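What follows is the residue order along each chain.
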Amino acid sequence: MLNGLALILFSMPILKKRYIMRFFSFVKIGFICVLFFLFACSEHSSTVPTFSVDVQQRDSIEHFFSGYDYVMLETNENALLGNVEKMKVDSSVIAVQDKGRILLFQHDGKFITKIDKLGRGAGEYLSVEDFCVKDSLVYILSRAQRRILVYDWKATFVDKIDLDDWYQHFEIVDDKLMFLSSENSNEKQYDFVVFNYAKSEDMNMFSPFENNEGITFKNFTPFSGTFNGGYYVLRPFDYTVYRLSRTGFEPYCLFEFNTKEQIEQGAALVDLYDKTSNKNVVQYLGSYEEYNGSIYLTFTLFEEKHGIGTYVYKVESDGKNLLMKIYENFSDKYPYISAPYGVYDGAFYSIRPALDILNIEEMYGLSLFHDKGLTEESNHVVFFHKLK
């Protein structure tokens, strides 16, 4: 093509040499632009899988769950729960945060201990932003102190881990490493840090941000599930699920929502929070889990007539998309379902006060827990709804 253009040009004697050189300069620039465009298209074609969620779609709860188990937590004056803020479950314990207290229960509901150390003294914490249970130890993150305090199952203070910056969430990986998350609110200006707490040094830092936002979100948690070698992690006002490991941080999949409002890309988190509060828009993702060849995702969404609701989205192995809204319709097979706090052993786990359960039974003519002796003074009940 270029040779043909040159032949035409040299056959036109009225053109001067400088015009010919200028023409070839434009051709060269255009050729470079074409190469850039092709490269950009190639890059776009290798992006992560994207799932489009129709928030108006509704499917039967029976597509999502295959049954449920429950644990009635022991009732005594030391174990009674009030306002549950967080909950974590592993193979050895059910751990519940109730304001500044962490209460531990066995999987049969028997009470183990209560860690209630709010204060300014030795071995005490000023706040509880997050907690973890690992190898019979309880780790409590106090952002105000830039410190993680460690207790045994007798609620005895055993150690502290000092941090050199502000963090809002964490997960213990092993006896040396942990993942820290700042929610775009620290001086390092990295959202995720791989921290060697045995040596008190950062091993890796990922997801940089430009400004210390100075804002955190009460009901948000970035650590959403595990894969072999790391965690699925989330970010506020970001519909991407990332994979975080000791050595890497990469986008894994993306979700899109056809809500009335959409997130303004590039805006500050504090502005996004103000603009999306009580609006029909997904502010952040909830639990992400892959089970039995299917993908499960929870998220919350505000609706003018109904307030904030919790949704469960599912992508089956054949690509079929399903969506349900918790609480929207009563199910006699799953009458006690509520918004999950996380996933354990292929099940969403949640917790309900005794009074709520008794009200449900009275309203719908049920008697399971009433017959088991549950009263208004009884402790909460933990539910495990098994993913299908």
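Bear in mind the structure is a predicted one, so any value in this text is a computation, not a measurement.

### Remarks on the pattern of salt bridges
Pairing is possible between side chains that carry opposite charge, provided their charged atoms lie close to one another.
Then comes step 1: Going through the model one piece at a time under the given rule, you end up with 18 salt bridges.
Then comes step 2: Close ionic contact of aspartate 130 with lysine 88 constitutes a salt bridge, the shortest N to O distance being 3.1 Å. Highlighted residues: aspartate 130 in strand 7 (residues 130-134) and lysine 88 in strand 3 (residues 84-89), separated in sequence by 42 residues.
Then comes step 3: Between lysine 188 and aspartate 202 there is a salt bridge, with the nearest N and O atoms lying 3.4 Å from each other. Placement of the pair is lysine 188 in the loop between strand 12 (177-181) and strand 13 (190-196) and aspartate 202 in strand 14 (residues 201-208), with a sequence separation of 14 residues.
Then comes step 4: Looking at aspartate 202, the relative accessible area reads 28%, which means it is partly exposed.
Then comes step 5: Residues joined by salt bridges that share partners form a network here, namely Lys86, Lys88, Asp130 and Glu171.

### Focus on the sheet that holds strand 23 (residues 342-344)
Then comes step 1: The four strands lie next to each other as 2-25-24-23, forming an open sheet whose pairing is antiparallel. A single partner strand is all that each edge strand has here, and the edge strands are strand 2 (65-72) and strand 23. For this sheet, the mean angle separating the axes of adjacent strands, direction not counted, is 35 degrees.
Then comes step 2: Judged from the six bridges that link them, strand 24 (residues 347-352) and strand 25 (residues 381-387) form a sheet pairing that is antiparallel. Pairing of serine 350 across the sheet is with phenylalanine 383, part of strand 25.

### Here we look at the pairing of strand 24
Then comes step 1: Counting buried positions over the six residues of strand 24 gives six, a clear majority of the element.
Then comes step 2: Where strand 23 meets strand 24, three bridges bridge the pair, whose relative direction is antiparallel. Bridged to glycine 342 within strand 24 is tyrosine 349.
Then comes step 3: The turn linking strand 23 back onto strand 24 is made up of two residues, and aspartate 345 within it adopts a positive phi angle of 50 degrees.

### A short note on the nonpolar core
Then comes step 1: Counting residues in each nonpolar core, the largest one holds 32 residues, and the members touching the most others are Phe255, Phe257, Phe299 and Tyr313.
Then comes step 2: Of all the secondary structure elements, the ones that give two or more residues to this core are strand 1 (50-53), strand 18 (249-257), helix 3 (269-276), strand 19 (285-291), strand 20 (294-303) and strand 21 (307-315).
Then comes step 3: With four residues, strand 20 is the largest single contributor of residues to this core.
Then comes step 4: Once residues within four sequence positions are removed from consideration, phenylalanine 257 is found in contact with Val53, Val55, Tyr239, Gln262, Val282, Leu285, Leu297 and Phe299.
Then comes step 5: Counting residues in hydrophobic clusters, the runner-up holds 17 residues, among them Leu73, Val84, Met87 and Ala347.

### Here's the deal with the environment of isoleucine 148
Then comes step 1: With respect to the helices, strands and loops of the structure, isoleucine 148 is situated in strand 9 (residues 147-152).
Then comes step 2: On the basis of relative accessible area, isoleucine 148 is assigned to the buried category, the value being 0%.
Then comes step 3: C-alpha separation for the pair isoleucine 148 and phenylalanine 170, spaced 22 residues apart in sequence, amounts to 9.6 Å.
Then comes step 4: The contacts of isoleucine 148, once residues within four sequence positions are left out, are Tyr139, Ile140, Leu141, Asp159, Lys160, Ile161, Leu163, Phe170, Met178 and Leu180.

### As for empty space enclosed by the protein
Then comes step 1: One pass over the structure, following the stated rule, counts one cavity of 30 Å³ or more.
Then comes step 2: Taken as a whole, the largest cavity holds about 40 Å³ of empty space.
Then comes step 3: If you go around the largest cavity, the residues you meet are Phe65, Val312, Ile326, Ile337, Ser338, Pro340, Phe348, Tyr349, Ser350 and His385.
Then comes step 4: Of all the elements, strand 24 adds the most residues to the lining of the largest cavity, at three residues.
Then comes step 5: Residue classes in the lining of the largest cavity are distributed as seven nonpolar, three polar and no charged.

The rules behind each value
- Numbering of residues begins from 1 in every chain and follows the order in which that chain's sequence is written.
- Predicted model: local features are reported for residues with pLDDT of at least 70 only, side-chain atom pairs are reported and counted for 80 or more only, and whole-chain, interface and lining totals are derived from all residues.
- In computing side-chain properties, one takes all heavy atoms of the structure into account and sets aside hydrogens as well as water.
- We define a salt bridge as a side-chain nitrogen of Lys or Arg found within 4 Å of a carboxyl oxygen belonging to Asp or Glu.
- The way it works is that DSSP assigns letters per residue, a run of H or I at least four long becomes a helix, a run of E at least two long becomes a strand, and they are numbered from the N terminus.
- Here the term buried applies to any residue with accessible area under 20% of the maximum for its type, exposed to any over 50%, and partly exposed to those in between, with areas from a 1.4 Å probe on protein chains only.
- Any two strands are treated as partners once DSSP identifies two or more bridges connecting them.
- Only C-alpha atoms enter the line fits that serve as axes; for helices the fit covers just the stretch in contact. Angles between N-to-C directions range over 0 to 180 degrees.
- By nonpolar core we mean a set of buried residues, namely Ala, Val, Leu, Ile, Met, Phe, Trp, Tyr and Cys, connected to one another through side-chain atoms within 4.5 Å.
- Throughout, a residue-residue contact means that at least one pair of heavy atoms, one from each residue, lies within 4.5 Å.
- Here a cavity denotes grid points, spaced 1 Å and computed from the protein atoms alone, that fit a 1.4 Å probe unable to get out, and a pocket denotes an open set having protein on both sides within 12 Å along at least 5 of 7 lines; residues with an atom within 4 Å of a point are the lining.
- Grid points are joined across faces, edges and corners, and a volume is the space filled by probe spheres set on the points.
- In the scheme used here, Gly and all other residues not listed as nonpolar or charged are polar, with Ala, Val, Leu, Ile, Met, Phe, Trp, Tyr, Cys and Pro taken as nonpolar and Asp, Glu, Lys and Arg as charged.

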